[in-house]
Structure formats: structure tokens, C-alpha cells
Amino acid sequence: DIGMIWGARLLSRDGLFADENADVKGRTTSRHLIFLTDGETAPLRFSYGTYGIEPLDERRCTGCNDEQLTQAVENRFAVACREAKKRNITVWVIGFGVSLNPVMTECAGEGHSFEAANATELNNAFSRIAASMGDLRISR
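All figures in this text were calculated on a predicted structure; none of them were measured in a lab.

Draft legend 1. View of the overall build of the protein chain. What the protein chain contains, in helices and strands, is 5 helices and 3 strands. Along the protein chain, helices and strands appear, N-terminal first, in the series α-β-α-α-β-α-β-α. Overall, the protein chain is about 50 × 35 × 25 Å in size when its C-alpha atoms are taken along their principal axes. For the protein chain, with 140 residues in total, the buried portion stands at 32%. Contacts spanning at least 24 positions in sequence make up 52% of the contacts within the protein chain whose residues lie at least 6 apart. Of the roughly 8,900 Å² of accessible surface on the protein chain, a fraction of 50% belongs to carbon and sulfur atoms.

Draft legend 2. Broad picture of the environment of Arg128. Within the secondary structure, Arg128 sits in helix 5 (residues 119-132). On the basis of relative accessibility, which here comes to 56%, the residue Arg128 falls in the exposed class. Residues Arg128 and Lys85 lie 43 residues apart in sequence; the distance between their C-alpha atoms is 20 Å.

Draft legend 3. Region of the structure containing a nonpolar patch on the surface. Nonpolar side chains collect at one region of the surface, where Trp6, Leu10, Leu16 and Phe17 lie side by side and expose about 360 Å² of accessible area between them. Considering the arrangement of structural elements, one finds Trp6 in helix 1 (residues 2-11). With a relative accessible area of 37%, Trp6 lands in the partly exposed category.

Analysis parameters
- Position numbers for residues start from 1 in each chain and track the written sequence from start to end.
- Residue-level local features of this predicted model are given only where pLDDT is at least 70; pairs of side-chain atoms are given and counted only at 80 or more, and the full residue set underlies all totals for whole chains, interfaces and linings.
- With hydrogens and water excluded, all non-hydrogen atoms of the structure serve as input to the side-chain values.
- A run of H or I in DSSP becomes a helix once it reaches four residues, and a run of E becomes a strand once it reaches two; helices and strands are each numbered from the N terminus.
- Burial status follows relative accessibility: with a 1.4 Å probe on protein chains alone, a residue under 20% of its type maximum counts as buried, one over 50% as exposed, and anything between as partly exposed.
- Contacts are residue-level and defined by heavy atoms, with any inter-residue pair within 4.5 Å sufficient.
- Reported accessibility uses the Shrake-Rupley method at a 1.4 Å probe radius. Residues are deemed covered only where the shown protein chains occlude them.
- A patch consists of residues whose relative accessible area exceeds 30% and which take part in no salt bridge; residues with like charges are grouped when within 9 Å of each other, and nonpolar side chains (Val, Leu, Ile, Met, Phe, Trp, Tyr) when within 5 Å.
- Only one rule defines a salt bridge in this text: a Lys or Arg side-chain nitrogen within 4 Å of an Asp or Glu carboxyl oxygen.

Rendered as C-alpha cells:
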């Protein structure tokens with residue numbers, strides 16, 4: 001969930017870098033978020049992470065077991081993905097090494113998810129994404 005949240009915040013025209021992400025000369029800027037993942041939701045309850053140690057800090061889920069925490073993370077990911085799309089960000093999801101779970105393929109939508117088992121397939125996925133982006137503007 002944290003990768004999708006931050007990706008959307010960084011790309012949003014009214015987010016952290018709004019000055020750099022503004023539309024240019026009245027034209028809507030095309031924004032694309034490529035979410036590269038191992039395709040699995042596997043939060044660790046007893047490891048220190050972005051939200052602290054889950055059973056102690058309970059920032060994502062109060063009193064959750066492993067299955068409930070996984071569901072909470074997937075729900076937050078889905079909400080963050082929908083919010084990114086509401087901000088006209090096209091979401092692409094690439095699973096590297098394993099199959100994508102349904103939450104991730106649903107997030108990406110039709111034709112925007114890829115699974116890559118090796119470097120060649122990963123390169124092909126990025127090439128297909130790049131080919132589908134029109135009027136690509138890369139700025140510093």
C-alpha cells in the first residue's frame with residue numbers, strides 16, 4: 001500500500017511536487033505510475049516497517065492476525081489505486097517473478113498489467129508500456 005500511496009502523491013498535480021507536475025500550457029499532462037512488485041501481499045506483523053510494528057502500533061489494523069493484516073493492506077492498496085486514477089494517473093502493474101494477485105490486476109485494469117518471469121519479459125513489459133504512452137514528455 002505504501003508504494004501506491006507515495007507514487008500517487010509524487011505524481012499528482014496537486015501533490016508534493018505540484019509545481020513540477022502542473023499541466024503545461026493548458027494541456028493536461030499525461031501521468032503514468034508503473035508499480036513494479038513481486039505480486040504478493042505479505043506484510044510481516046512482527047517486523048519493523050513503514051507503520052511501525054503492527055501489533056504494537058496498530059496503524060493499519062487493530063488486533064489483527066496475519067490474514068486480517070494482509071486484507072487491510074490490500075484494501076488500502078485498492079483505495080490508493082482508485083484515488084490515483086481519480087487524479088488522472090494511469091496505473092500500470094508489473095509482477096516480477098510471480099503471478100499478480102487479483103487486487104493488483106484489478107488496480108491496473110484491462111491491458112495494464114504484466115507478469116515477467118525473467119529480465120527479457122520485464123524488458124518487454126516496459127517496452128509495451130512505453131509504446132502505449134503517447135506524447136511522452138520527460139523533464140528534469
